[in-house]
Amino acid sequence: MSDSSVSSDSSVYINGEKYPLPEQVIKNVETIIGMQAQQSQAAPTHVRFLQKIASMFGTASFLYAELLFFGIWIGWSYWTRDPTLPFGLPKYELKNQMLDTAALLIATGVLVHQTRQEKLAEQRSHLILQINLLTEQKTAKLIGLVEELRAGLPEFENRTDWEAELMQQATDPQAVLNILQEKDRKSTRLNSSHPSR
């Protein structure tokens, strides 16, 4: 697992090595992180609480805790002669509870795997978004440079190309995010005022 952190001098440190980053990349990352923090804070407290509990069930440590619990329960059941165990737990009967135990362990294992895949998909999604934002910003820069070159050549008539001027401006991810959130709010209000029949 790599250890990475972003410093204030527009560089990122990965495993102790410094890699310079353009200021626009830092701005894009901060916008995305800000959006995620804003969405997290916008959720009601009970929803955040339930999300924390649900995310705990998808961890490998929860699966290990289940294995430990069942191991102790099964071991204690076969080494003691008492009909009930501490906390009023009945003895573990292999023929009655084996399938239930296997189903629970398999379901938890699948949930752990899905959680891992979801995290990887989210990382890929962030990477694709970063690449798309950078590509758009580089394209805007190239259009600006081509326009400067065209304006400096005497063979071309000096005309104003409004489309090229608009395309020279790099998209501000925060502005796009604000527009998307406003459209989402309007859509939600419209859907709630006109329920489907």
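Just so it is clear, the structure is predicted and the values come from calculations on it, not from any experiment. (Residues numbered from 1 in each chain as written. Predicted model: local features only at pLDDT ≥ 70, side-chain atom pairs only at ≥ 80, totals over all residues. Heavy atoms only, no water.)

(A) Here's a closer look at the packing of helix H3 (residues 60–79) against helix H4 (residues 94–152). At a minimum axis separation of 9 Å, H3 and H4 run at an interaxial angle of 165 degrees. Classified by the angle their axes make, H3 and H4 are roughly antiparallel. Pair H3 / H4 crosses with left-handed handedness. For the pair H3 and H4, contact is made by Ala60, Phe62, Leu63, Glu66, Leu67, Phe70, Trp73 and Tyr78 and by Leu94, Gln97, Thr101, Leu104, Leu105, Thr108, Gly109 and Val112, respectively. The residue makeup of the contact of H3 with H4, split by class, is eleven nonpolar, four polar and one charged. (Axes fitted to C-alpha atoms, helices over the stretch in contact; angles between N-to-C directions. Helix = DSSP H or I, 4+ residues; strand = E, 2+ residues; numbered from the N terminus. Parallel < 35°, antiparallel > 145°, perpendicular 65-115°, else oblique. Left-handed = near helix turned anticlockwise from the far one by under 90°. Contact = heavy atoms within 4.5 Å. Nonpolar A, V, L, I, M, F, W, Y, C, P; charged D, E, K, R; others polar.)

(B) Just H4, in detail. Under the 1.5 Å per step criterion, the end-to-end length of H4 is 85 Å for 59 residues, consistent within 8% with the ideal 87 Å. Of the positions making up H4, those classed as buried are Gln97, Thr101, Thr108, Val112, Gln130, Leu133, Gln137, Ala140, Ile143, Gly144, Glu147 and Arg150. (Expected span 1.5 Å × (residues − 1). Buried < 20%, exposed > 50% of the residue type's maximum accessible area, 1.4 Å probe, protein only.)

(C) How the structure looks around a nonpolar patch on the surface. On the surface, a cluster of nonpolar side chains totalling about 530 Å² of accessible area is made up of Phe49, Leu50, Ile53, Met56, Phe57 and Leu111. Counting through the fold element by element, Ile53 comes out in helix H2 (residues 45–57). (Patch = residues over 30% accessible without salt bridge, like charges linked within 9 Å, V, L, I, M, F, W, Y side chains within 5 Å. Areas by Shrake-Rupley, 256 points an atom, 1.4 Å probe, with all protein chains shown as cover. Salt bridge = Lys/Arg side-chain N within 4 Å of Asp/Glu carboxyl O.)

(D) Quick look at the packing of aromatic side chains. Enumeration over the complete set of coordinates arrives at five aromatic pairs. With a centroid separation of 5.7 Å and an interplanar angle of 45 degrees, the aromatic rings of Phe69 and Trp73 are classed as tilted. In this pair, Phe69 and Trp73 both sit in helix H3, four residues apart, roughly one turn of the helix. Judged by its relative accessible area of 12%, Trp73 falls in the buried class. (Phe/Tyr/Trp six-rings, centres within 6.5 Å; stacked < 30°, edge-to-face > 60°.)

(E) Geometry of the confidence of the model for the protein chain. Residues of the protein chain with pLDDT of at least 70 account for 85%, and the chain-wide mean is 79. For the protein chain, the element scoring lowest by mean pLDDT is strand S1 (residues 4–6), at 48; H3 scores highest, at 91. The low-confidence segment residues 1–8, where pLDDT is below 50, has 15 contacts with residues more than four positions distant or belonging to other chains. (pLDDT = per-residue confidence, 0-100.)

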